[in-house]
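A structural walkthrough
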Amino acid sequence: MKKKSISFAIILILFFFPGCSSDERPHYPVNPKPLVNEAYIKLPLGSVKPSGWLEDQLEIQADGLTGHLDEFWEDLVLSGWRGKGGESWERGPYYLDGLVPLAYILNDNRLKLKVEDWMDFILNSSRQDGWFGPETTTDRWPLAVASKVLMEYYEATGNQKALDVLTGYFKYLYENEPDWPDKEWRGVRAMEHAVVGYWLYRRLKEPWILETIKSIQDNSYSWTEYYYTFPWDSAAVSDGLIPHNWQAEGLTAHVVNNAMAIKYPGLWYQQSNDEHYKNAVFTGIENYIKHHDQTAGRFSGDEHLSGKSPAQGTEMCAVVEYMYSLEKLFGIFGDIALADRLEYLAYNALPGTMTADGWTHQYDQQSNQVLVSVAKRNWSTNRDESNIYGLMPNYPCCLANMHQGWPKFVEHMWMATHDNGLIASVYGPSVVKALVGDGEEVKITEETNYPFEGEISLTIETDRKVKFPLYLRIPGWSEQCTVEYKGMILTAEAGETVKLIEKWNDGDIVKLKLPFNIRSERRYNNSISILRGPLYYSLRIGKEYSEAEMSYKKYDYMGSTDWQITPTTKWNYGLLLNEENPGESIGVETYPVSDYPFADKADMLWSDDAGSHIEWDKNAPVILKVKGIEIPGWGIKDNSADDPPFSPVSIEGEEVELKLVPYGSAKLRITEFPVVIR
Ligand SMILES: [Zn+2]
């Protein structure tokens, strides 16, 4: 095999914007002048399909809550957004924001019929002045979400009515006074409209759309200044200064608002062309890491920002909204670290906060989560039900909003480039069909068990030989990896983007090998977390599932239930590690990825065949084995694992073998471990 010189084949494109030369016209709508060029271009909904385990995961969603929730939950059954006069605020649009992409990605007729039922009402609800939705709704916030739904629906169907409703609504915003009070959701979330606004501008190129977005930016809360001053830091947490309220100040410390707002300066950067806004995004993310960082890619907020202790929680809405923000921000800036974080969230925090059958979710997840029960915990503002895996623990926002997580992630796995190529932005088994080069349609099949393994194979299918650049993101956590194609092998470094510009033949294969060396990171109280590839690994704890008594109505509908989980084995272990090279102290076992990719032994899962819940008996796809010693003084505090004792912990005791499973598979878990020495 030839060894190709790296310098020809690899370019670093952190903060680099591929230009659009005059003879190349992108095949998909891009930012017109005066907007700044985006780094990468979103492909229309339906271009990327999941395969392998990821397809199973989306099918689980279709068979679980997403595919059935509007059949039994009154707030959707009678929703004002389907003309039934019931709940008419955010819940209908939230649900559709996940249902629509799921239906069209899976091309599932049953789900598409559901979508049409809702769309019948929404598409015919436009008023003369451009306002739309249920008659009684006067708040702009649910319309912001419904606008995203119409955007997705239009991409999938090309239904002109959807574009007309959106155009009418933006005309309404243009012609009416700003109404973005800081003390209301619609005020602090006002710039969510800009996602759809720029999408509309790419299609209509009407200057009044940019004027509308400018008016929203100028007349709503300044998240940009917030990210620079960052008032709610670690000191504010320890001094008890986080505003635990739902007034104007409290809304700026609200975890979901933060997860949504991190994209707002980035969106506005496209129009302002001012580095101040771009830097606000990266400064903001740095501040989340410095003051509220948690494992699994999250920052804490239960439901207000709550610091770095692994007993603190993150609301599920914040997980899916942070994912969506990162999907948009990666498209704008192309920074590898944004996609790395997106994978951490998608492959750890998202599955970790749901049962593997897609029938229950938590409000708040914890890194060290040793007891799932209705009990008082040290949350900032949430209630006692918040870490239950159930239908609507604490409050029903996550029940309505959780559905967008997986489908939107799949939508953004591949993106187009300005030089008419494609980039693999985040990895996983998938198939992309897209226009490249001079307008040829190619299909690329990505075969892999990523994130459980690091070998990825891309097979190109094309009717005739076609020249186009294929870009591969090399994650920042990776060590030197190899790319093999057309008889050549090249090596690439972490955090780079590899560009392969070739004439591709039908059947050409590109093989990417990302080394999955085990690594560790320092966490709270000098504790340690273990990672392999994009996955965090958590202690497997024996589990006993039982039904929880909740404050809300129970529905006896298929798999809908509320689980409390109590530990049946000890969890208070410290790890014996060679910290210089943690891989030396840790063994790896792999198992086939099952039909429930994020299930592990002793989980209770809904079975259609049995018509009841069954106890799962298969192993998670990867198990790590490591030695540890029990730390008898480390116990429960406020119904959570107490903060890990400061490491290293000097201790005598019996050495035992511990098993770690992926964070997403561990419904009880320790993820931030003390390190023990003798
Ligand atoms: Zn929520």
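Values in this document were obtained by computation on a predicted structure and should not be read as measured data.

**Some details on the overall build of the protein chain**
Helix and strand content of the protein chain: 21 helices and 31 strands. Relative to the compact-globule value of 26 Å for 678 residues, the protein chain shows a C-alpha radius of gyration of 24 Å, a close match. Projected onto its principal axes, the C-alpha coordinates of the protein chain cover approximately 70 × 65 × 55 Å. Within the protein chain, the proportion of its 678 residues that are buried is 65%. Counting only contacts in the protein chain whose residues sit at least 6 apart along the sequence, the fraction spanning at least 24 positions is 73%. Of the roughly 23400 Å² of accessible surface on the protein chain, a fraction of 46% belongs to carbon and sulfur atoms. Of the side-chain charges in the protein chain, 65 are positive and 97 negative, and the distance between the mean point of each set is 4 Å.

**Quick notes on the coordination of the zinc ion**
E315 (OE), C317 (SG), C397 (SG) and C398 (SG) make up the full set of protein donors to the zinc ion, lying at 2.0 to 2.3 Å. For the zinc ion, the single-chain donor residues occur in sequence as E-x1-C-x79-C-C. The same class applies to C397 as to C398, namely buried.

**Here we look at helix α11 (residues 207-219)**
Between its first and last C-alpha, α11 extends 19 Å over 13 residues, near the 18 Å set by a 1.5 Å rise per residue. For α11, the complete set of buried residues consists of W208, I209, L210, T212, I213, I216 and Q217.

**Describing the packing of aromatic side chains**
Counting across every chain of the model gives 46 aromatic pairs. Through pairs of rings, three or more aromatic residues link up here, namely W53, Y347, W406, F409, Y427, Y450, F452, W477, F516 and F598. Note that K408 overlies the ring of Y324, its terminal NZ or CZ placed 4.0 Å from the centroid.

**Observations concerning the environment of T138**
Summarising the element assignment, T138 is placed in the loop between α6 (109-122) and α7 (140-157). Overall, the relative accessible area of 67% leaves T138 in the exposed class. For the pair T138 and G266, spaced 128 residues apart in the sequence, the C-alpha separation amounts to 28 Å.

**Some points on the layout of surface pockets**
Considering only enclosed or pocket space, the largest pocket measures out at about 430 Å³ in volume. Contributing to the lining of the largest pocket are 25 residues, with V237, S306, S309, Q312 and N378 lying nearest its centre. For the lining of the largest pocket, the secondary-structure elements that each account for two or more residues are α13 (234-238) and β28 (640-641). The element best represented in the lining of the largest pocket is α13, accounting for three residues. Class assignment for the residues of the lining of the largest pocket results in eight nonpolar, twelve polar and five charged.

**Details of a negative patch on the surface**
A surface patch of like charges, here negative, comprises E55, D56, E59, D63, D595, D608 and D609. Relative to the elements of secondary structure, E55 occurs in helix α2 (residues 52-63).

**Side note on the packing of helix α10 (residues 192-204) against α11**
Running from N to C, α10 and α11 point in directions that differ by 165 degrees, and their axes come no closer than 9 Å. Taken together, the axis directions place α10 and α11 in an arrangement best described as roughly antiparallel. Seen from above, α10 lies across α11 with left-handed handedness. Between α10 and α11, the contacting residues are H193, A194, G197, Y198, L200, Y201 and L204 on the first element and P207, I209, L210, I213 and I216 on the second. Tallied by class, residues from the contact of α10 with α11 come to ten nonpolar, two polar and no charged.

Parameters at a glance
- Residues numbered from 1 in each chain as written.
- Predicted model: local features only at pLDDT ≥ 70, side-chain atom pairs only at ≥ 80, totals over all residues.
- Heavy atoms only, no water.
- Helix = DSSP H or I, 4+ residues; strand = E, 2+ residues; numbered from the N terminus.
- Rg over C-alpha atoms; globule rule 2.2 N^0.38 Å.
- Buried < 20%, exposed > 50% of the residue type's maximum accessible area, 1.4 Å probe, protein only.
- Contact = heavy atoms within 4.5 Å.
- Areas by Shrake-Rupley, 256 points an atom, 1.4 Å probe, with all protein chains shown as cover.
- Lys, Arg positive; Asp, Glu negative; His and termini not counted.
- Charge placed at Lys NZ, Arg CZ, Asp CG, Glu CD.
- Donors = N, O, S within 2.8 Å, 3.2 Å for Na, K, Ca; no water.
- Expected span 1.5 Å × (residues − 1).
- Phe/Tyr/Trp six-rings, centres within 6.5 Å; stacked < 30°, edge-to-face > 60°.
- Lys NZ or Arg CZ within 6 Å of the ring centre and 35° of its normal.
- 1 Å grid on protein atoms, 1.4 Å probe; cavity = no way out; pocket = protein on both sides within 12 Å on 5 of 7 lines; lining within 4 Å.
- Points joined across faces, edges and corners; volume = space filled by probe spheres on them.
- Nonpolar A, V, L, I, M, F, W, Y, C, P; charged D, E, K, R; others polar.
- Patch = residues over 30% accessible without salt bridge, like charges linked within 9 Å, V, L, I, M, F, W, Y side chains within 5 Å.
- Salt bridge = Lys/Arg side-chain N within 4 Å of Asp/Glu carboxyl O.
- Axes fitted to C-alpha atoms, helices over the stretch in contact; angles between N-to-C directions.
- Parallel < 35°, antiparallel > 145°, perpendicular 65-115°, else oblique.
- Left-handed = near helix turned anticlockwise from the far one by under 90°.

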